[in-house]
Amino acid sequence: MSGLLRNRKALVGVAIILFIIIVAIAAPLITQYDPTARTGRPHQAPSLDHLLGTTRIGQDVFSRLIYGARTSLAVGFGAGLLITIVGTALGIISGYRGGKTDEVISFFTNMVLVVPNLPLLLVLAAFIGQASPLVIALILGGTSWAWGARVTRAETLSVKQKDFVKSAETMGEPQWRIMLFEIFPNVISIVGINFIGSVIFAIITEATLEFLGLGDPRAVSWGAMLYNAQKASALSVGAWWDILTPCFALALLGIGMSLLNFAVDEVANPRLRTGGQLGRWKTLIRTGEGRL
């Protein structure tokens, strides 16, 4: 934890994510407009009354942006949490138990990994119809856990050979307790990286599915904003604010999550921190040469 607090990537990433979360929570205090109500003229340019303009049917884009953050964040963190829980549980059980249990879990993991994820999501979403954000989150959680399970299993195979695990087994500790209190804390960095990556994947995939028209167009989310703007030919009529606003929001959140992901990876893997160490050594060498 102290390593993350000293990491500039982590601080910037957390600041971006917290800013978006706070704005989403405080949406009713920030804007007076209902995101689903008509509050202005069609495709009205940004002004003091409508900071980011209006949509084709006169909805306030700024209100839809900050209220849409609630939906996109809920889908991203909800699906990411589900993916992480399933992948971590299956990975630890498979790696620690071994034998037939490992074979069965590995079989299903490989089967899910072999099937292309995005085409599978497109088929499922098309079969369901106009899927709500909750349904999209459940689909993502149920089809995207395999990579996390594979990585967690590999880390568990290494941790289970440690002396403290062998000591717990010798003392007769039950397997569930060993997996929960001995192995899980030692794979927490992998779990954190898996969670952050899953949140990024879920947010981008949800926006993609909704942009393709497979979500609920009545939902207030960034993906629905993209779909409605594309359907209204926003760029063709010059209403750039209608489509660029959700694009910028998705990019900003993606940058924040990616920076945090890089920071966790650097803290968890000391070899990735050699760049900073080399930089300090170069500075010392230059200082020494200057004195000479």
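Report on the accompanying structure.

Procedures and definitions
Residues numbered from 1 in each chain as written. Predicted model: local features only at pLDDT ≥ 70, side-chain atom pairs only at ≥ 80, totals over all residues. Heavy atoms only, no water. Helix = DSSP H or I, 4+ residues; strand = E, 2+ residues; numbered from the N terminus. Buried < 20%, exposed > 50% of the residue type's maximum accessible area, 1.4 Å probe, protein only. Contact = heavy atoms within 4.5 Å. Patch = residues over 30% accessible without salt bridge, like charges linked within 9 Å, V, L, I, M, F, W, Y side chains within 5 Å. Areas by Shrake-Rupley, 256 points an atom, 1.4 Å probe, with all protein chains shown as cover. Salt bridge = Lys/Arg side-chain N within 4 Å of Asp/Glu carboxyl O. Core = buried A, V, L, I, M, F, W, Y, C linked by side-chain atoms within 4.5 Å. 1 Å grid on protein atoms, 1.4 Å probe; cavity = no way out; pocket = protein on both sides within 12 Å on 5 of 7 lines; lining within 4 Å. Points joined across faces, edges and corners; volume = space filled by probe spheres on them. Nonpolar A, V, L, I, M, F, W, Y, C, P; charged D, E, K, R; others polar. Phe/Tyr/Trp six-rings, centres within 6.5 Å; stacked < 30°, edge-to-face > 60°. Lys NZ or Arg CZ within 6 Å of the ring centre and 35° of its normal.

Summing up its helical and strand segments, the chain has 14 helices and 0 strands in all. Relative to its full complement of 292 residues, the chain shows a buried share of 42%. Here the contacts in the chain between residues at least 6 apart in sequence split such that 71% fall between residues at least 24 apart.

Let us look at a nonpolar patch on the surface. On the surface, a cluster of nonpolar side chains totalling about 400 Å² of accessible area is made up of Val104, Phe107, Phe108 and Met111. Relative to the elements of secondary structure, methionine 111 occurs in helix H5 (residues 99–114).

Okay, the nonpolar core next. Grouped together as the largest cluster of nonpolar side chains are 30 residues, with contacts concentrated most on Ile20, Ile196, Trp222, Leu250, Leu253, Met257 and Leu260. Put simply, the parts of the chain that give this core at least two residues each are helix H2 (8–25), helix H4 (61–97), helix H11 (188–211), helix H12 (222–231) and helix H13 (240–268). Ranked by the residues each element gives to this core, the list is headed by H13, at 9 residues.

Counting through the fold element by element, serine 198 comes out in helix H11. By relative accessible area, serine 198 is classed as buried at 6%. Excluding its chain neighbours within four sequence positions, the residues that come into contact with serine 198 are Gly80, Ile83 and Thr84.

Tallying each qualifying case throughout the model produces 2 cavities of 30 Å³ or more. For the largest cavity, the full set of lining residues is Leu90, Gly91, Ser94, Ile105, Ser106, Thr109, Ala149, Arg150 and Arg153. Counting only elements with at least two residues in the lining of the largest cavity, the list comes to H4, H5 and helix H8 (146–159). The class makeup of the residues in the lining of the largest cavity is 3 nonpolar, 4 polar and 2 charged.

Turning to the packing of aromatic side chains, a few remarks are in order. The geometry of an aromatic ring pair comes down to the distance between the two centres and the angle between the two planes. Counting across every chain of the model gives 3 aromatic pairs. Over the ring of phenylalanine 181 we find arginine 177, and its NZ or CZ is 4.8 Å from the ring centre.

To continue, consider the pattern of salt bridges. In a structure, side chains of opposite charge can pair up when their charged atoms sit close to one another. Throughout the structure, instances matching the rule amount to 3 salt bridges. The partner of glutamate 103 in a salt bridge is lysine 100, with the nearest N and O atoms 3.9 Å apart. Within this pair, glutamate 103 and its partner lysine 100 are both found in helix H5, separated by 3 residues, close to a single helical turn. Lysine 100 gets classed as exposed once you look at its relative accessible area, which sits at 64%. The closest approach of N and O atoms between glutamate 173 and arginine 177, which form a salt bridge, is 3.2 Å.

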